[in-house]
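Each chain, letter by letter, is given below.
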Amino acid sequence: MLLLQQLIGLLLINLAYGETPDSVSISTVNHTGPMIEGNQYELQCDVLNVAPVQNLTVKWYKGETLVNQTTFTDTIKTPVDKTATLMIRPDRSDDGVQYRCEAELNLGEEGPQPPPKVTSDPLSITVHYKPIINETKLPSTVSVFRKHPVVLVCKAEGNPEPTISWNLGTNNTVYSETLTITDSTPEDLSCIANNSVGTDTRHVKVSVKDGDCPVELNPQRVVVRYGGSVAADCKTFVQHHGMGWEASEGAVSMSRDNLITWKVSDLREWDIEPFCYINHDKQCSLYLPVTIYKTPDSVSISTVNHIGPMIEGNQYELQCDVLNVAPVQNLTVKWYKGETLVDQTTFTDTIKTPVNETVTLMIRPDRSDDGVQYRCEAELNLGEEGPQPPPKVTSKPLSITVHYKPIIIETKLPSTVSVFRGYTVVIVCKAEGNPEPTISWNLGTNNTVYNETLTITDSTPEDLSCIANNSVGNTTRHVKVSVKETPDSVSISTVNPTGPMIEGNQYELQCDVLNVAPVQNLTVKWYKGETLVDQTTFTDTIKTPVDKTATLMIRPDRSDDGVQYRCEAELNLGAEGPQPPPKVISDPLSITVHYKPIINETKLPSTVSVFRGYTVVIVCKAEGNPEPTISWNLGTNNTVYSETLTITDSTPEDLSCIANNSVGTDIRHVKVSVKDGDCPVELNPQRVVVRYGGSVAVNCSTNVPHDGMGWEASEGLVPMSSSVNLITWRVSNLTEWDTEPFCFINPKGGKQCASYLPVTIYKTPDSVSISTVNPIGPMIEGNQYELQCDVLNVAPVQNLTVKWYKGETLVNQTTFTDTIKTPVDKTATLMIRPDRSDDGVQYRCEAELNLGAEGPQPSPKDTSDSLSITVHYKPQINLCEGWSPKNGTPLVSYPNLNYIKGNPRPNISWRRKSSLLSASVPLNTNDSGKYELTASNELGHFTCSINILVEYPPKLNCSERYEVKEQTDWQPPCLADGLPKPDIVLYKNGKNLKLPFYLKWNDSGLYHLNATNKHGSVISYFTLNILYAPMIHASQDKFSVEEDSSITLECNSTGNPEPDVWWSFNNKNISTGRRYIVRATSTSAGVYTCSAKSNVGHKDKNFVVEIKGKPPNYIPYVVVALLVVLIILLCLYLWKRKKTSGSYDIQPEYEMFLLSNGGTS
């Protein structure tokens, strides 16, 4: 029974309190398809047939996260349909996210628990976003070792999936995620990731390394404190079979990673030599230079073989001891004198472990070094890799005491001292020395005074000496005493004129100095009051007293009236003379200056206002000497002699005040202005403009007699006063928008009147903002849109101008006619119809308060932030012209792609004969023809036709050998191909031959043909064989021979090909070959013909042979005669030889006898 009652209660509650929705659905508003990252979109939740709506809450979920909720205030109780919206701006992390909305009826404690809810199906969103290149996988700098290529990988995240390309320079693009680089790859590369949303570019710099091992160490050298920690990376960009670190501490096992790190937390091995190795083509390694350093335990300074004070000029040695430092080759010991570096020592020892070092410094101190502190500093300069600044340890300072002989200060004791007769002079002898010197004066024999000071008179000896002495030495300063005379009197007077001086005229003053010596030390000084105005010196060298006169020219003005001049005679006897120098002064001379009048313009304005029915008293005062007389000129024969003049509305418009004395006259012209009005007061300014909360001040003046005047105002009231003609209304903080101050006056004999002051209070806007009305996101070219400018809390609005700017150009402005004075909010709108040139343009609005001439200048203005607009427009190809690429160039390199404009960025496609082409495939020589280039985006497409002529380098198809007849104009028969058509040049032995080439018989040889166009050149070598007819060269062609002898006939023939040669005689062929031997007989005489013939031609040559009779034979007779002569000659020779053989006897008288044995004696 109890359960039944509970069920009935719940049913009644549901009937009384609510009905859940029939359905809840979620959708996008005015959008289908993928969303673009960063753009704003609207989601809509439709809740159908729900009650009561005031208890309804629509909750928005992004995944499982509550992001917003909407409630309703409608009091209707019956079921209704409700729509809630949610603005979202998705980013890349939202791609694939599911939104849902949930309608929940919160019916209170009495309602069902938990509250009933109905949830929509989820709405999955796709977000397109521009690519972002993964910079961790593609470093900005890549090292490549010579002969070791490196593969780079460019990956990017984007939706849609981006295309990856590499830009290697002009017209050199590679479409791939990977790029193999070598030492010849350009230094600057770019990876470009592109999709329909946008582009990301990653610039990469290629650094070519020299070295046999393709690894890099970072750092390339390490410096670490003894016992400190160290880490160094070893990386490579090449493929390898393993790399690692070898080291006595911190070795790293071989790994297939591209980066490994050597680490040691407590490095204590002085000689460690770690190296990184890699197994590439073969194993190689790279050593890491390691410097371990230790700062000194102590640094101390001392003197060598000396204690106590040093003597000026002697040499001393200082020593610096540096204990336990390493490495010593990086140690620099610096010597400082005070804060000045005076010397430094470095070391060349290569030992790495700690050592002790001693450095010395030779010094020769002088007096300026007394008390100086020396110190030495041990600094370890460990290079850029070491600690910065370099570690240093400094010794305690060593103070030195220097003893030096005295030097008397000559600037305090001149060598000559002057004393005026009847005066005394105190001279001082001071000396610098260490120890402190004693001072004495030598005034002559046995006359010594021990004191720093000495009083001299005109009876002091002429020659004195000051002596300064200490333990190091002494110094003497000689002084000569000179006795001088002062003037007897000094007087001043005027030259010629007496009495008052006239302003502007020139006058001469005279100063007489009597009985003074020496005159070359005399200076006459002129004073006007207490101001020195001139001085005179003299060059006379006379030493005895003389009289001297000096003059001064003056041109007094009115300010000099009553001024006193005086002159002063001063003897400047130098540093040795009395100080201060003796001087004698004249009595003062007072001058009287007469000057013309000058009227006081501040007391007499040039324009005077008088109100009708009222009188005004004006005053004319003038300054002059003698006292001027004052008169007023009111017109012809109308002169008033008085300082004051009462003017009315009948007084002439032009007046003159005349001030006159014996020197001259001054005139002040006054214009009388008659004012119409009931109140004889003037406000200055007549209107005011003041910032809200600012200060203001306005004068109210009158020229008429009155019983009182004042200001009435809600702020700044001024009580009535009868003793003034000018009162000021002043407020320091004006905050009343409707204030209406007025100045009132009670004229004598009249009634009270008032003049109101117009007051404009302004306030600049709290803010000025610009926005679009209704649409969000990109604008479409040619559509109309409305911009809105909101100006908040500005006054007065009737002075407001809202100006619209597109970039820096004013395009429109709006004014307002409202007369309200207090601050209001105002909105101005601007209709625009953007085109493609407006993409990225910035609009702004500016609120300017034009408050008139009395307002601030320039007018105050507040400007909104700029509103950048994005304009989407269909593609257009602005330059569509033919293209002549080199074969191997892809369509993506078409140079005019930059002239394709569109937003969103157009997709580019190529077609040929209606077939879609891949833009990355290289063109070949058969691909010339007509192509269609199409640029398309979501707003439309644009197509243009392009004639593409694929060009290619030259090609030559030459044979290795050609045979050509001589005397031919020859053109090489090679097939030369190329586009553009190549230029053909024929060469032989490096010489350029003009084509066609006229061939001669001797032009055979090796030739080469060069074909060149803008894409390259090609060379082909060939042999040219020149065919020519036989030629028989000139030779003897007539022969005369004796019978029974023989003769050889020579037929020297050439030809190409080699000719056949034969001989004929009497029309019969008798032999072949180039030679023919003729046997001379009675039948051999006649004409012999040599014939040379080839397939190119034929040549004959005739030889004439004549046969002579046989001559007598004299040869046997000649032979017999020669034999007889030879026999006779032989007999004579033998006889002579026999006659001269035998023995001879040599006598003293040099006679020679033949001995019996045939010898000589």
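This is a predicted model, so every value here is computed, not measured.

### Observations concerning the pattern of salt bridges
- What the rule picks out here adds up to 53 salt bridges.
- The salt bridge involving Lys117 is made with Glu102; its shortest N-O contact spans 3.9 Å. Of this pair, Lys117 sits in strand 8 (residues 117–119) while Glu102 sits in strand 7 (residues 98–105); the two residues are 15 residues apart in sequence, bridging distant segments of the chain.
- Between Asp654 and Lys671 there is a salt bridge, with the nearest N and O atoms lying 2.9 Å from each other. Of this pair, Asp654 sits in strand 62 (residues 654–660) while Lys671 sits in strand 63 (residues 665–675); the two residues are 17 residues apart in sequence, bridging distant segments of the chain.
- Its relative accessible area of 37% is what places Lys671 among the partly exposed residues.
- Here the salt bridges do not stand alone but share partners, grouping Lys59, Glu102, Glu104 and Lys117 into one network.

### Quick word on the state of the cysteines
- For the structure on display, the rule yields 14 disulfides.
- The disulfide partner of Cys234 is Cys276, and the S-S distance across this bridge is 2.0 Å. Judged by the sign of its S-S torsion, about -75 degrees, the cystine formed by Cys234 and Cys276 is left-handed. Here Cys276 lies in strand 25 (residues 275–279) and Cys234 lies in strand 21 (residues 230–235), a separation of 42 residues in the sequence.

### What to know about the packing of aromatic side chains
- A full pass over the atoms with the stated rule returns 16 aromatic pairs.
- Summarising the aromatic geometry, the rings of Tyr894 and Trp910 are spaced 5.6 Å apart at their centres and angled 85 degrees between planes, so their arrangement reads as edge-to-face. With Tyr894 in the loop between strand 82 (871–877) and strand 83 (900–903) and Trp910 in strand 84 (residues 907–912), this residue pair connects regions lying 16 residues apart in the sequence.
- For Trp910, a relative accessible area of 1% translates into the label buried.
- Aromatic rings pair up to connect Tyr962, Trp970, Phe997, Tyr1007 and Phe1022 into one cluster.
- It is Arg100 that lies over the ring of Tyr61; its NZ or CZ is 4.3 Å from the centre.
- Over the aromatic face of Tyr336 sits the side chain of Arg375, whose NZ or CZ is 4.3 Å from the ring centroid.

### Describing the nonpolar core
- In this structure, Ile618, Trp711 and Trp729 are the most contacted members of the largest nonpolar core, which totals 45 residues.
- Beyond its immediate chain neighbours, meaning those up to four positions away, Trp729 contacts Val696, Ala697, Val698, Trp711, Ala713, Glu715, Gly716, Val718, Pro741, Leu757 and Val759.
- Judged by nonpolar contacts, the second largest core, of 43 residues, contains Cys191, Val230, Trp262 and Ile278.

Analysis parameters
Residues numbered from 1 in each chain as written. Predicted model: local features only at pLDDT ≥ 70, side-chain atom pairs only at ≥ 80, totals over all residues. Heavy atoms only, no water. Salt bridge = Lys/Arg side-chain N within 4 Å of Asp/Glu carboxyl O. Helix = DSSP H or I, 4+ residues; strand = E, 2+ residues; numbered from the N terminus. Buried < 20%, exposed > 50% of the residue type's maximum accessible area, 1.4 Å probe, protein only. Disulfide = S-S within 2.5 Å. Phe/Tyr/Trp six-rings, centres within 6.5 Å; stacked < 30°, edge-to-face > 60°. Lys NZ or Arg CZ within 6 Å of the ring centre and 35° of its normal. Core = buried A, V, L, I, M, F, W, Y, C linked by side-chain atoms within 4.5 Å. Contact = heavy atoms within 4.5 Å.

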